[in-house]
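Observations on chain architecture
Single-letter residue listing:
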Amino acid sequence: MSAPAVLARRAMARVGLYVFVGLVLVFFALPLVWLVTTPFARTPSYRVPAPSFTLHNFRILWDNPYAVRSIGNSLVLAGGTAVLAVVFAGTAAYALSRVRLPGRDAVLYAVLLLSSIVTGTAAMVPIFLMLFQLDLIDNRLALVLVLTGGLLPSAMFILKDFMDTVPRSYEESARVFGASPFQILRHVVAPVVRPGLATIAVWAVVQVWGNFLLPYILLHDPAKQPAAVIMYTFYDEGGQPNFALISTFSLLYSVPVVLCYLVVNRRYGFRFQGGIKG
Amino acid sequence: MAGIGLSGVTKTYPGGVTAVDGLDLTVHDGEFFALLGPSGCGKTTLLRTIAGLEQASAGTVSIGDRDVTRLAPGQRDVAMVFQDYALFPHMTVLDNIAYPLRVKRIPRAARHDRAREVGAGLDLADLMARRPAELSGGQQQRVALARAVVAHPKAFLFDEPLSNLDARLRLSARTFLKRLQRDLGITTVFVTHDQAEALAMADRIAVMDAGRIRQVGTPREVFGRPATSFVAHFIGSTPMNLLDATVTGGRLTLAAGTLPCPADLPDDTRVTVGIRPEYLTYSKDPVEDALAGTVGIVEHLGSSSLVTLETDGAAPVGVVVEEGAEPEPGTRGWAVPRPGRVLLYRAGGGDLLA
């Protein structure tokens, strides 16, 4: 084959590749484009709208009695769960990392394995029955505790790895200066594993934010339900989706999680400054 | 300020390893004391037992006139500098130095003033806003020392304080550390595996092996009259010659010659003769009461050289020779011990006989 022919073939192959990649990109980008543009469209529907601009859809959203409040509910549930998960998993992981227990690793793996059942679909009925008997249905604190319980094993597992990387000499140094275990945890260990704690917090928020089943089963009062559950109610009597509501609500729904990630990444940065000479 | 007393201290780890074995030791008030020994000899465990980071399995530890055996580390009023310095990576130099005062709940302004004062004394004034990762090894060490000084303890405990510095810096840090200790006058125990470091810095040295103390003494005593052949072998930058010998008619018979016996021992006593290469004089002509051999290796040490005399079938003899007087390898040579410098040990790794 002559040299120009080879070049032409290569050019064609490259063009073909780019076209293919372009199509794949469009396929994956379309939902995002829909999410960003539809809330501002005059006639929202399944389709990505033709360029037009209105804030009317947000008016509809604002007038809905549950929509905005549900975002607040989601923030309370996610925030509460994140705080509890970080505090409990952090202290547990610190203890597990520092105290020698026979069969410690086996226990940790067993808990991790069982955790997928605790908040998984399999345990829904017993959890519901238990909370029902305790008269804790429609109680947000109870839901936060159930959600936290489901996240703790994985959180402990991840944080224990972080705790293991903290050199013991940091703690021993503080101990010799007279720091109590709680002071050591607060002054030394927690700041050093801060990236790990931030990771767990963001992860907990995201988990709770997207959780539908648990809040759906355990909260019956629409005034207490979080965004993920409320979204399910945005259909009219005929079962047709209300696109004005759904599109604006979807946008509003995704903003806090993105913000949360950005803030955490900026403030805590997922980095580790070494203080050990080696 | 206070001395440190250990009596019958034993540390057995779960699993049965005895790191420190029934050890008695007194460190005087204001003394700079070295715990010296090869790795695994229990010296770090002993230091951690004094600090309270390890609980003694038996025996008592006292600091000043207080029995601290059952006290938590924070109640013992000691400050420890770790081998890796253990500076808190998320705190500035200032906060690191001020940390012991923060634990004592001293108000922020007061503790920062005190930390700045101590930091300035250790030449850290310009580094106060930095984090440990932005400091050199020598600077990190000074921060760790400043943090210990600020605590104003009864005693300092240093775990291998110089081992993370490069060779050149180590020498200046040695001088610096010794001056700091003398100026503060605080009782200091430091752990090292480097005999040169111990000899250079310490007022007294305890040489440890296998969880026990083999000898306690001033650097001069430990270097000049090692109590056992283990200590003799361990101390000194050129290893001591340890040669098998038998006593015959008031003389020592070695593979490389005969020497007058410095002690009155019965015939046929088997001993180990210890002579430092520095205490042997080289001669290229045959002389009386000398060890003979063939010059093997010549190692340059700077202002002198270490000449190894090969003897047939027996351990070679090292001799330190002045610069410029080195013999040619392959020639015959004789090594004459200086009077009073021949030490005798019981054969088979034993104690000093004379």
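Residues numbered from 1 in each chain as written. Chains lettered and ligands numbered in written order. Predicted model: local features only at pLDDT ≥ 70, side-chain atom pairs only at ≥ 80, totals over all residues. Heavy atoms only, no water.

As named in an unreviewed UniProt entry, chain B is Sugar ABC transporter ATP-binding protein, taken from Actinocatenispora rupis.

For the record, the criterion: UniProt positions are given in the numbering used here, feature names are shortened, and annotations may be inferred rather than shown by experiment.
Looking at an unreviewed UniProt entry, one finds chain A named ABC transmembrane type-1 domain-containing protein and attributed to Actinocatenispora rupis. Reading the Sequence similarities (unreviewed entry) entry of the UniProt record for chain A gives the comment "Belongs to the binding-protein-dependent transport system permease family." Within the UniProt record for chain A, the comment given under Subcellular location (unreviewed entry) is "Cell membrane".

**Thoughts on the overall build of chain B**
Where we set the bar: Helix and strand assignments follow DSSP, with helices taken as H or I runs no shorter than four residues and strands as E runs no shorter than two, numbered in order from the N terminus. Note on classification: 1.4 Å probe, protein chains only; a residue is buried when its accessible area is under 20% of the maximum for its type, exposed when over 50%, partly exposed between these limits. In this analysis, two residues are considered to be in contact whenever any of their non-hydrogen atoms come within 4.5 Å of each other. Here, Shrake-Rupley sampling with a 1.4 Å probe gives the accessible areas, and only protein chains in the shown set may cover a residue. The charge count includes Lys and Arg as positive and Asp and Glu as negative, but it does not include His or the ends of the chains. Lys charges are placed at NZ, Arg charges at CZ, Asp charges at CG and Glu charges at CD.
Helix and strand content of chain B: eight helices and 20 strands. Along the three orthogonal principal directions, the C-alpha set of chain B runs to about 75 × 45 × 35 Å. Relative to its full complement of 354 residues, chain B shows a buried share of 52%. Counting contacts in chain B only where the partners sit at least 6 residues apart, residues at least 24 apart contribute 64% of the total. For chain B, the accessible area works out to roughly 15300 Å², and carbon and sulfur atoms hold 49% of it. In chain B, 37 positive and 40 negative side-chain charges are present, and the distance between their average locations comes to 9 Å.

**Digging into the nonpolar core**
This is how the line gets drawn: Side-chain atoms within 4.5 Å link the members of a nonpolar core, which is a set of buried Ala, Val, Leu, Ile, Met, Phe, Trp, Tyr and Cys residues.
Core analysis: the biggest nonpolar cluster contains 104 residues, and B:Leu35, B:Ile97 and B:Tyr99 have the highest contact counts within it. For B:Ile97, the residues in contact, after removing those within four places along its chain, are B:Ala115, B:Gly119, B:Leu124, B:Met128, B:Val143, B:Ala146, B:Arg147 and B:Val150. Membership of the second largest hydrophobic core comes to 33 residues, among which are A:Ala67, A:Met124, A:Ile246 and A:Tyr253.

**Remarks on the domain arrangement of chain B**
All names here are of chain B. The following threshold applies: Bear in mind that the domain bounds are from an automatic or database domain assignment. Two parts placed together each lose some accessible area under a 1.4 Å probe, and adding up what both lose gives the buried area. The working definition used for a salt bridge is a side-chain nitrogen of Lys or Arg within 4 Å of a carboxyl oxygen of Asp or Glu. Polar contacts, as counted here, are pairs of nitrogen or oxygen atoms within 3.5 Å of one another; within protein the pair requires one atom able to donate a hydrogen and one able to accept it, and residues that are adjacent in sequence qualify only if both atoms are side-chain atoms. In the scheme used here, Gly and all other residues not listed as nonpolar or charged are polar, with Ala, Val, Leu, Ile, Met, Phe, Trp, Tyr, Cys and Pro taken as nonpolar and Asp, Glu, Lys and Arg as charged.
Assigned domains of chain B: these are domain 1 (4–234) and domain 2 (241–346). Taken residue by residue, the interface counts ten residues in domain 1 and seven residues in domain 2. For the pair domain 1 and domain 2, the two sides together bury roughly 700 Å², of which 58% comes from carbon and sulfur. Ranking the residues of domain 1 by area buried against domain 2 places Phe 223, Ser 229 and Ala 232 at the top, with a combined share of 57%. Across the domain 1-domain 2 interface, the total number found is zero salt bridges. At the junction of domain 1 with domain 2, the criterion picks out two residue pairs in polar contact (both at pLDDT 80 or more). Taken together, the elements giving at least two residues each to the side of domain 1 that touches domain 2 come down to helix H7 (219–224) and helix H8 (229–234). Tallied by class, the residues present in the side of domain 1 that touches domain 2 amount to five nonpolar, four polar and one charged.

**Some remarks on the UniProt feature "transmembrane region" (unreviewed entry) in chain A**
Residue and element names in this part refer to chain A. With numbering aligned to this structure, UniProt lists the feature "transmembrane region" (unreviewed entry) at residues 15–36, 75–96, 108–129, 141–159, 196–218 and 243–264. Helix and strand shares over residues 15–36 are 100% and 0% respectively, and the end C-alpha atoms of the span are 30 Å apart. Across residues 196–218 one finds 87% helix and 0% strand; the C-alpha atoms that close the span lie 30 Å apart.

**What to know about the packing of aromatic side chains**
We apply this condition: By convention, a stacked pair of Phe, Tyr or Trp rings (six-membered ring in the case of Trp) has centres within 6.5 Å and planes under 30 degrees apart, an edge-to-face pair has planes over 60 apart, and any other such pair is tilted. Here, over-ring charges are defined by two tests on the NZ atom of lysine or the CZ atom of arginine: distance to the ring centre within 6 Å, and angle to the ring normal within 35 degrees.
Tallying each qualifying case throughout the model produces 16 aromatic pairs over all chains. When the ring of A:Tyr216 is compared with that of A:Tyr232, the centres are 5.8 Å apart and the planes differ by 85 degrees; the resulting orientation is edge-to-face. Here A:Tyr216 is found in helix H10 (residues 213–218), whereas its partner A:Tyr232 is found in the loop between helix H11 (227–230) and helix H12 (243–268), with 16 residues between them in sequence. Note on A:Tyr216: relative accessible area 36%, which makes it partly exposed. One aromatic cluster in this structure is built from A:Trp209, A:Phe234, A:Phe249 and A:Tyr253. Positioned above the aromatic ring of B:Phe223, the side-chain terminus of B:Arg276 is 4.0 Å from the ring centre. Here the guanidinium or amino end of B:Arg341 rests over the ring plane of B:Tyr279, the centre of that ring lying 4.0 Å away.

**Concerning the layout of surface pockets**
The cut-off we apply is this: A 1.4 Å probe that fits into a set of points on a 1 Å grid over the protein atoms alone but cannot get out defines a cavity; an open set with protein on both sides within 12 Å along at least five of seven lines defines a pocket, and lining residues are those with an atom within 4 Å of a point. Grid points are joined across faces, edges and corners, and a volume is the space filled by probe spheres set on the points.
A volume near 520 Å³ is recorded for the largest pocket. Lining the largest pocket we find 17 residues, and of these A:Arg98, A:Arg168, A:Glu172, A:Arg175 and B:Leu53 sit closest to its centre. Only helix H3 (67–98), helix H7 (168–176) and helix H8 (181–192) of chain A provide two or more residues apiece to the lining of the largest pocket. Of all the elements, H7(A) adds the most residues to the lining of the largest pocket, at four residues. Of the residues in the lining of the largest pocket, the class split is seven nonpolar, one polar and nine charged.

**Remarks on the interface of chain B and chain A**
Listed per partner, the contact involves 31 residues of chain B and 20 residues of chain A. A buried area of about 2300 Å², summed over both sides, lies between chain B and chain A, and 62% of it is on carbon and sulfur atoms. Of all residues in chain B, the largest losses of buried area upon contact with chain A belong to B:Pro89, B:His90 and B:Tyr99, amounting jointly to 22% of the total for that side. Between chain B and chain A we count one salt bridge in total. B:Arg48 is paired through a salt bridge with A:Glu172; the nearest N and O atoms lie 2.7 Å apart. There are seven residue pairs in polar contact (both at pLDDT 80 or more) connecting chain B and chain A. Those elements that place two or more of their residues in the side of chain B that touches chain A are strand S6 (78–81), helix H2 (93–103) and helix H4 (137–150) of chain B. The residue inventory of the side of chain B that touches chain A, partitioned by class, reads 19 nonpolar, six polar and six charged.

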